[in-house]
Amino acid sequence: MNTLVITRVAERQWHALDDDLVVGRGDASPRPDGRLFLSIDAWHDDVFTRLAEAMLAALPRPLYTVVDEADLDLRTRWVRAGLTTRRREWEYVMSSGGDGAVPPPGLTLLPIGTAELDPLRHLDRTIRAEIEATIGWDQMPAAVLSRPLDPTHYAVAAELDAYVGLARLALLPRHTRIGLIAVRSGHRRRGIARALLAEILAATHARGVATVSADVHEANTAAIALFEAAGARRTGSNLELVIR
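Source: prediction; values computed, not measured. (Residues numbered from 1 in each chain as written. Predicted model: local features only at pLDDT ≥ 70, side-chain atom pairs only at ≥ 80, totals over all residues. Heavy atoms only, no water.)

1. Things to note about the pairing of strand E4 (residues 36-42)
Part 1: With five of seven residues buried, E4 lies mostly within the body of the structure.
Part 2: Note: strand E3 (residues 21-30) against E4, seven bridges, orientation antiparallel. Residue Arg25 lies in a different strand from E4, and its bridge partner there is Asp41.
Part 3: Here E3 folds back onto E4 in antiparallel fashion, the turn holding five residues, of which Gly34 has a positive phi close to 95°.
Part 4: Taken together, the two bridges between E4 and strand E5 (residues 63-68) define a ladder with parallel strand orientation. Its bridge partner lying in E5, Phe37 is registered against Tyr64.
Part 5: Remark: the E4/helix H1 (residues 45-58)/E5 crossover connection has right-handed handedness. (Buried < 20%, exposed > 50% of the residue type's maximum accessible area, 1.4 Å probe, protein only. Helix = DSSP H or I, 4+ residues; strand = E, 2+ residues; numbered from the N terminus. Pairing = 2+ DSSP bridges. Right-handed = clockwise from strand over helix to strand, strands pointing away.)

2. Thoughts on the nonpolar core
Part 1: Within the largest apolar cluster, 27 residues are counted, with the highest numbers of intra-cluster contacts made by Ile178, Ile181, Leu197 and Phe227.
Part 2: Mapped onto this core, the elements with two or more residues apiece are strand E6 (84-95), strand E7 (107-110), strand E8 (154-159), strand E9 (162-171), strand E10 (175-183), helix H4 (192-206), strand E11 (211-217) and helix H5 (221-229).
Part 3: At six residues, H4 tops the list of elements feeding residues into this core.
Part 4: Ile178 has contacts with Arg168, Leu169, Leu197, Ile200, Val212, Ser213, Ala214, Asp215 and Phe227, leaving out every residue within four places of it along the chain.
Part 5: Of all hydrophobic cores here, the second largest spans 23 residues; its members include Leu4, Leu51, Met55 and Leu56. (Core = buried A, V, L, I, M, F, W, Y, C linked by side-chain atoms within 4.5 Å. Contact = heavy atoms within 4.5 Å.)

3. As for the pattern of salt bridges
Part 1: Across all of its chains, the model carries twelve salt bridges by this definition.
Part 2: A salt bridge links Glu69 to Arg88; the shortest N-O distance between them is 2.8 Å. Taken together, the residues span a long stretch of sequence, with Glu69 in the loop between E5 and helix H2 (72-80) and Arg88 in strand E6 at a distance of 19 residues.
Part 3: A salt bridge links Glu89 to Arg87; the shortest N-O distance between them is 2.6 Å. Like Glu89, the residue Arg87 is buried in the burial classification.
Part 4: Through salt bridges with shared partners, one network takes in Arg35, Arg86, Arg87, Glu89 and Glu240. (Salt bridge = Lys/Arg side-chain N within 4 Å of Asp/Glu carboxyl O.)

4. A short note on the side chain of Arg87
Part 1: Structurally, Arg87 is set in strand E6.
Part 2: Take Arg87: its relative accessible area is 3%, and that puts it in the buried class.
Part 3: In this structure the side chain of Arg87 is engaged in a polar contact, spanning 2.6 Å, whose partner is the side chain of Glu89. (Polar contact = N/O pair within 3.5 Å; in protein donor to acceptor, adjacent residues only side chain to side chain.)

5. Here we look at unusual backbone geometry
Glycine aside, negative phi is the norm for most residues, and most peptide bonds take the trans geometry.
Part 1: The omega torsion across Arg61 and Pro62 is 5°, close enough to zero to call that bond cis.
Part 2: In this structure, Asp20 is a non-glycine residue whose phi angle is positive, near 70°.
Part 3: Checked against the element boundaries, Asp20 lands in the loop between strand E2 (13-18) and E3.
Part 4: Despite not being glycine, Arg189 has its phi angle at roughly 65°, a positive value.

So this is what it looks like as structure tokens:
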């Protein structure tokens, strides 16, 4: 490809051109926490390399990407470009339905889409601040929350008219995907997360959908125990790579 030309076509988009034919594309996407995640679509190693070089030279660091750990070719390409592994997330899948777990006394579960926006927004800010003050929000899965906050993607746990736990969901045609289950620090270890998960499993089953999936940081032993207790099985893993 002696005629290969890399062209920046937008602020965060690049094309690789060979005789005016697009043979590769690169994109940098900002996530809700402000980090930039890279993606490159190219069949040939040299096209990938040239796109990566152009993007890494033009964008502010740190820069990130996520790859399927089983995709050795893609992982190798990014490593050659200078990125290193920052974290691993396990992929879990479980059957819908669940065991019909009884919520803790005094807990009210608000089904998906029934939470009020203002108290949900307050709970979201509180949980984000608690996570940031402990492990750091950047240790959460790359896209656990979307903006703007949309109650139709949430199930919520409430006590005494206050929201104390949430589950952020994507209701996909063939399964439900859990982006986050989180409980306020003063309300943990009381079975609230388990009750939220049971609500999700039951609601998914009621939709006629068979499975629920989630990504879990390999160091998050509490979340791993929660999902495995519900019968989740590990089906794969993703790596988050970074260059600083």
